[in-house]
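Chain by chain, the residues run as shown.
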Amino acid sequence: MDAYGDQVRLRAMDVADAEALWRWNHDAEVMRWMDEGYAETTAQVAKWLGERPENAYGDVLFGVEEPGGTLIGLVRLHGAEPETGIAELDIYLGEKDFWGKGYGTDAMRTACRYGFEKMRLRKINLTAVVENEAAVHIYRKVGFIEEGRLRQVFRRDGEWIDKFTMGLLAHELR
Ligand SMILES: CC(C)(COP(=O)(O)OP(=O)(O)OC[C@H]1O[C@@H](n2cnc3c(N)ncnc32)[C@H](O)[C@@H]1OP(=O)(O)O)[C@@H](O)C(=O)NCCC(=O)NCCS
């Protein structure tokens, strides 16, 4: 099922989304605080989208649509295990014209609510580069708490930078 927030719709991604995903992954500004990986072709991205298993408990990938229906980013809950009920969350909005309009916050809340209510997760974890102030701000805003600091694990502009590990228990979502 799709998941609806106040503003965004979260829906499954398919091969038709490959061009957008390729463009985001090759945009230095979008990828500034994330691991870029190696260069890929659009065909490789399409193959990945086409061949990945359907969404299921251990790996749920959602495209984020704004109210006009444009795909603006993705959010993913992955690595969930029934023994712990803990999943990892990744989010990024690749369409920069849509930054700063509340969609990231709404997508976070909607994905976390989906995780706690539909998947019955107990906890959601993520990591964020400490200098990525907008991301850390929205994570705190929806209730994530800093639990630790991984020292010098991310490299940008020749510098090694720390990351926060952050966690959210079901009753902390706001
Ligand atoms: C981080 C990201 C998901 C945020 O989504 P968004 O839709 O732009 O964010 P929102 O509009 O919901 O909220 C932005 C908030 O951050 C704040 N903010 C923006 N830039 C900021 C900065 N430099 N320092 C502190 N706060 C900042 C805004 O004031 C706003 O807070 P408010 O609603 O309390 O006023 C999105 O910008 C993105 O995907 N960026 C690139 C990829 C990325 O960094 N992903 C996260 C990897 S951990």
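Just so it is clear, the model here is predicted, and its values are computed rather than measured. (Residues numbered from 1 in each chain as written. Predicted model: local features only at pLDDT ≥ 70, side-chain atom pairs only at ≥ 80, totals over all residues. Heavy atoms only, no water.)

Which parts of the structure should I look at to understand the sheet that holds strand 3 (residues 59–65)?
For sheets, the rule is that strands pair by backbone hydrogen bonds, running either parallel or antiparallel. Taken in spatial order, the 8 strands make up an open sheet running 1-2-3-4-5-6-8-7, and their pairing is mixed. The open sheet is flanked by strand 1 (3–4) and strand 7 (145–156), the only strands paired with a single partner. Pairing of strand 6 (residues 123–129) with strand 8 (residues 159–169) involves 7 bridges; the strand directions are antiparallel. Pairing of V129 across the sheet is with K163, part of strand 8. Against the sheet, helix 3 (residues 103–117) engages strand 1, strand 2 (9–11), strand 3, strand 4 (71–81), strand 5 (86–93), strand 6 and strand 8, with an angle of about 160° to strand 5. (Pairing = 2+ DSSP bridges. Helix = DSSP H or I, 4+ residues; strand = E, 2+ residues; numbered from the N terminus. Contact = heavy atoms within 4.5 Å. Axes fitted to C-alpha atoms, helices over the stretch in contact; angles between N-to-C directions.)

So what exactly am I meant to see when it comes to the site of the ligand here?
Of all residues adjacent to the ligand, which total 21 residues, the nearest are L93, G102, G104, T105 and K141. Within the side chain of T105, a nitrogen or oxygen atom sits 2.6 Å from an oxygen atom of the ligand. The side chain of H137 places a nitrogen or oxygen atom 2.7 Å from an oxygen atom of the ligand. In the complex, the protein chains occlude 71% of the 970 Å² of accessible area that the ligand would expose alone. Of all the cavities here, the one that holds the ligand is the largest pocket. Considered class by class, the residues forming the shell around the ligand number 11 nonpolar, 7 polar and 3 charged. (Near = heavy atom within 4 Å. Polar contact = N/O pair within 3.5 Å; in protein donor to acceptor, adjacent residues only side chain to side chain. Areas by Shrake-Rupley, 256 points an atom, 1.4 Å probe, with all protein chains shown as cover. 1 Å grid on protein atoms, 1.4 Å probe; cavity = no way out; pocket = protein on both sides within 12 Å on 5 of 7 lines; lining within 4 Å. Sits in = over half its atoms within 2 Å of the grid points. Nonpolar A, V, L, I, M, F, W, Y, C, P; charged D, E, K, R; others polar.)

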